[in-house]
Structures are given as structure tokens and as C-alpha cells.
Amino acid sequence: MQKRYKTKFPVARIKKIMRLDEEVGKVAQATPILISKALELFMQSLIDEACKEARGRSAKKLTTVHLKRTIMDVEKFDFLRDLVEGLPDPSETATEVKAEGEDSKGRSRGKNKAGKGGSAGAQG
């Protein structure tokens, strides 16, 4: 009887992705399980560091800004820098946070108060 391992990432999908690469030959049964576990540990490490960043800024939510700061500041995540360089910097998002709930013209982005029968008249 085969032993079942509890993993957070789908082993079958990892094996399928590995098969897509022509350079990868046959895959031992344990390989996708090990990759799943390694991915789980990597993600846990990244999230833990990003949480430290968020707590250091007294934030209530973990955002992409925290992930970017973590990747840029923590040496072990250097290989991800190219992926996050395009994300907005924290200084840019500070103005977005200030205007939260408003569109670019300073208007509230609330729901349409007219309800279901509001200004959604006939299109023509």
C-alpha cells in the first residue's frame, strides 16, 4: 500500500508541469512530493519575512508593497528582484492610501445610490 503525504501544493500538477519540460526525463515518485514540500517551506519563509515587514510598519494587511520590500531587503530573496521591480514603490502607494475610496478626480467610489432601476436606461 502506498503512503500518502499531506502537502499544501498539488503533487499531480507539479508532476504535470515537470513533464512539460522536454529536458526532464522520467520523474521519481518522491520528486514532486519533495518539490511540493520545498515550495511550501519557501512560501512560508517569504510570508514570515513579509509579515515582519508589515508589522514593522504597523500595517493591518499584508500587501504587495510589503512583499516587494521584503524581496528587495532580504538577501535570500535576491533572485526575485527582477519580478518585483515593476511594482509601485511604497512612497508612490502612500498617496494612494491617502485617497483610498476615491477615484482619480477625488470622487467617492461607493455603490450607485440609484439602486437597480437607476441610470442604467435603455442603450441605443
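Details of the structure are given in the entry above.
The shown structure was predicted, so the numbers you read here are calculated from the model rather than taken from an experiment.

Here we come to the overall build of the protein chain. Helix and strand content of the protein chain: 5 helices and 0 strands. The order of helices and strands in the protein chain, counted from the N terminus, is α-α-α-α-α. Expressed as a percentage of the 124 residues in the protein chain, the buried residues total 16%. In the protein chain, of all internal contacts separated by at least 6 residues, the share reaching a separation of at least 24 is 32%.

Quick look at the environment of Glu40 now. Relative to the assigned elements, Glu40 resides in helix H2 (residues 30-56). Overall, the relative accessible area of 17% leaves Glu40 in the buried class. Taking the C-alpha atoms as reference points, Glu40 and Phe9, separated by 31 residues in sequence, lie 7.2 Å from one another. If sequence neighbours within four positions are ignored, Glu40 has contacts with Thr7, Lys8 and Phe9.

In this section: the environment of Thr63. Topologically, Thr63 is positioned in the loop between H2 and helix H3 (64-73). Placed 12 residues apart in sequence, Thr63 and Cys51 show a C-alpha to C-alpha distance of 9.5 Å.

Moving on, we come to the packing of aromatic side chains. Under the counting rule described, the total for this entry stands at 2 aromatic pairs. Note on Phe42 and Phe77: the rings are 6.0 Å apart at their centroids and 70 degrees apart in plane angle, and the pair reads as edge-to-face. Of this pair, Phe42 sits in helix H2 while Phe77 is found in the loop between H3 and helix H4 (81-84), placing the two residues 35 residues apart along the sequence. Classification of Phe42 by relative accessible area gives partly exposed; the value is 27%. By relative accessible area, which is 1% here, Phe77 ends up buried. Summarising the aromatic geometry, the rings of Phe42 and Phe79 are spaced 6.0 Å apart at their centres and angled 45 degrees between planes, so their arrangement reads as tilted. Linking Phe42 in helix H2 with Phe79 in the loop between H3 and H4, this pair joins segments that are 37 residues apart in sequence.

Most peptide bonds adopt trans geometry, and most residues besides glycine take a negative phi value. Phi at Ser58 takes a positive value of approximately 55 degrees, unusual for a residue other than glycine. Along the polypeptide, Ser58 turns up in the loop between H2 and H3. Classification of Ser58 by relative accessible area gives exposed; the value is 65%.

Following both chains from N to C, one finds helix H1 (residues 11-20) and H2 inclined at 110 degrees, their axes separated by 9 Å at the closest point. Relative to H2, H1 is oriented roughly perpendicular. Residues Val11, Ile14, Lys15 and Met18 of H1 pack against Thr31, Pro32, Ile33, Ile35 and Ser36 of H2.

Among the nonpolar cores identified, the biggest contains 5 residues, and these are Leu46, Ile71, Phe77, Leu80 and Val84. The residues touching Leu80, leaving out its near neighbours within four places in the chain, are Phe42 and Ile71.

Rules used throughout
Residues numbered from 1 in each chain as written. Predicted model: local features only at pLDDT ≥ 70, side-chain atom pairs only at ≥ 80, totals over all residues. Heavy atoms only, no water. Helix = DSSP H or I, 4+ residues; strand = E, 2+ residues; numbered from the N terminus. Buried < 20%, exposed > 50% of the residue type's maximum accessible area, 1.4 Å probe, protein only. Contact = heavy atoms within 4.5 Å. Phe/Tyr/Trp six-rings, centres within 6.5 Å; stacked < 30°, edge-to-face > 60°. Axes fitted to C-alpha atoms, helices over the stretch in contact; angles between N-to-C directions. Parallel < 35°, antiparallel > 145°, perpendicular 65-115°, else oblique. Core = buried A, V, L, I, M, F, W, Y, C linked by side-chain atoms within 4.5 Å.

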